[in-house]
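Overview (structure and organization)
Each chain is listed here by its residues.
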Amino acid sequence: MGAKTLIVVTGPTASGKTALAVKLAHEYGCDVISADSRQVYQRIPIVTAQPTEEEKEGVTHHLIGHLPLDSYYSAATFEEDALRLIECQFETSDHAIVCGGSMLYVDALCHGIDALPTIPADFRENLKKEAAEKGDEWLLMRLKDLDPDYYEKVDRQNIKRVFHAVEISLYGGRPYSSMLTGRKEQRPFKIEKKVIDIPRDQLFDRINRRVDRMVASGLEEEARAVYPLRGLNSLNTVGLKEMFAWFDGLMPRETTIERIKKNTRVFAKKQLTWLKKSDASQGPLNKF
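Since the structure is predicted, the reported quantities are computational estimates derived from the model, not experimental observations. (Residues numbered from 1 in each chain as written. Predicted model: local features only at pLDDT ≥ 70, side-chain atom pairs only at ≥ 80, totals over all residues. Heavy atoms only, no water.)

A few words now on the packing of aromatic side chains. In total, this model carries 9 aromatic pairs according to the counting rule given. Between Phe90 and Phe189 the ring centres are 5.7 Å apart and the planes differ by 65 degrees, which places this aromatic pair in the edge-to-face class. Taken together, the positions of Phe90 in the loop between helix 3 (75-89) and strand 4 (95-99) and Phe189 in the loop between helix 8 (159-172) and strand 5 (190-195) put the pair 99 residues apart, joining distant regions of the chain. You can call Phe90 buried: its relative accessible area is 6%. Relative to Phe247, the ring of Trp246 has its centre 5.3 Å away and its plane inclined at 40 degrees; by these criteria the two rings are tilted. Trp246 sits in the buried class, given a relative accessible area of 17%. Every member of this aromatic cluster is reached through a ring pair, and the members are Tyr227, Phe244, Trp246 and Phe247. In this structure, Arg156 is placed above the aromatic ring of Tyr151, and the distance from its NZ or CZ to the ring centre is 4.0 Å. Above the face of the Trp246 ring, Arg224 is positioned so that its terminal group lies 5.3 Å from the ring centre. (Phe/Tyr/Trp six-rings, centres within 6.5 Å; stacked < 30°, edge-to-face > 60°. Helix = DSSP H or I, 4+ residues; strand = E, 2+ residues; numbered from the N terminus. Buried < 20%, exposed > 50% of the residue type's maximum accessible area, 1.4 Å probe, protein only. Lys NZ or Arg CZ within 6 Å of the ring centre and 35° of its normal.)

This is the structure:
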């Protein structure tokens, strides 16, 4: 497998990753494997910008829309699934293509991820209920008690990340930070990254126009269909959170749409920051 090449197409949201991946898939005669943490779920194709049949241009896409909304999925699970699919691709082609902007997933695939304990569903649900009852400050104090080192460096506004560290520490019986080795896997194939890099004003314009297309395509109807399940982690995503707030009477429709655009732009900025750090640590990347 050493002569094989994995092409990773990544970049900020709405930058045109799918189009480039499909073009390369036609060129090399292979499928596309998605590296998107929300596109794996069923019932929410519009808000997660799952590629349409027209956009796929006949290319088979994997890891898209195959999981129920209540399924647990993680970077570690993705790493395992993607490596299996890549191995299958290499049986018929010298290339495999992964496309997506979930940077944790991309890093897990390219460099490996620390072996963390798999949290049973009942354990996670019980902790979720307790955290919901006692609040974010209680969760932060639990992290400070369980893993003071990680508490000092974690983004305390990112409650999802705080929760993850708490559940791993509790179930694993030792601090979450002690399980983070920082070791990088050496994959038995060449990895070539292609990063979509367009001027920020153009990117933000693309984001705004894509949100308008989502609304025109039925974003509201899609959000209303899953609204009763709004507590699921799979639905904790830009586009749905704002819609749910509108349904709850917290903001008018016009504000909701503008807020989706704004929060998507903020998300894109975070992706760009991650990519800059990746560029600095790995050397020049192929940019498009």
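With that settled, the discussion passes to the pattern of salt bridges. In this structure the tally under the stated criterion is 14 salt bridges. Across the pair Glu79 and Arg187 runs a salt bridge whose closest N-O atoms are separated by 2.7 Å. Residue Glu79 is found in helix 3, and its partner Arg187 is found in the loop between helix 8 and strand 5; the two are separated by 108 residues along the sequence. One salt bridge in this structure joins Arg84 and Asp81, with 3.6 Å as the shortest N-O distance. Here Arg84 and its partner Asp81 are both found in helix 3, 3 residues apart, which amounts to about one turn of the helix. A relative accessible area of 44% places Arg84 in the partly exposed class. A cluster of three or more residues bridged by salt bridges with shared partners is formed by Asp212, Glu258 and Lys261. (Salt bridge = Lys/Arg side-chain N within 4 Å of Asp/Glu carboxyl O.)

Mapping Glu54 onto the fold places it in helix 2 (residues 53-56). The spacing of Glu54 and Ala121 is 67 residues in sequence and 37 Å in space, taken between C-alpha atoms.

For helix 1 (residues 17-28), with 12 residues, the first-to-last C-alpha span of 16 Å sits near the 16 Å given by 1.5 Å per residue. Taken together, the buried positions of helix 1 are occupied by Lys17, Leu20, Ala21, Val22, Leu24 and Ala25. For helix 1, the secondary structure elements touched by its buried residues are strand 1 (5-10), strand 2 (32-34), helix 2, strand 3 (61-62), strand 4 and strand 5. Where helix 1 terminates, the next one or two residues include Gly29, which has phi positive at roughly 70 degrees. (Expected span 1.5 Å × (residues − 1). Contact = heavy atoms within 4.5 Å.)

The next thing to look at is the pairing of strand 1. With 6 of 6 residues buried, strand 1 is to be regarded as a mostly interior element. Burial along strand 1 is two-sided: Thr5, Ile7 and Val9 and Leu6, Val8 and Thr10, pointing in opposite directions, are all buried. Pairing analysis gives 5 bridges linking strand 1 to strand 4, with the strands arranged parallel. By the bridge assignment for strand 4, Val8 is matched with Val98. (Pairing = 2+ DSSP bridges.)

This next bit is on the sheet that holds strand 4. Taken together, 6 strands build an open sheet; the order of strands is 3-2-4-1-5-6 and the sheet is parallel. For this open sheet the edge positions go to strand 3 and strand 6 (286-287), each flanked by a neighbour on one side alone. Sheet topology places strand 1 next to strand 5; 6 bridges connect them, and they run parallel. Bridging from a neighbouring strand, Val9 pairs with Lys194 of strand 5. Contacts between helix 4 (residues 103-111) and the sheet are confined to strand 1, strand 4 and strand 5, with strand 1 contributing the most and set at about 165 degrees to the helix. (Axes fitted to C-alpha atoms, helices over the stretch in contact; angles between N-to-C directions.)

Don't take any of this as a statement about function, it's just geometry.
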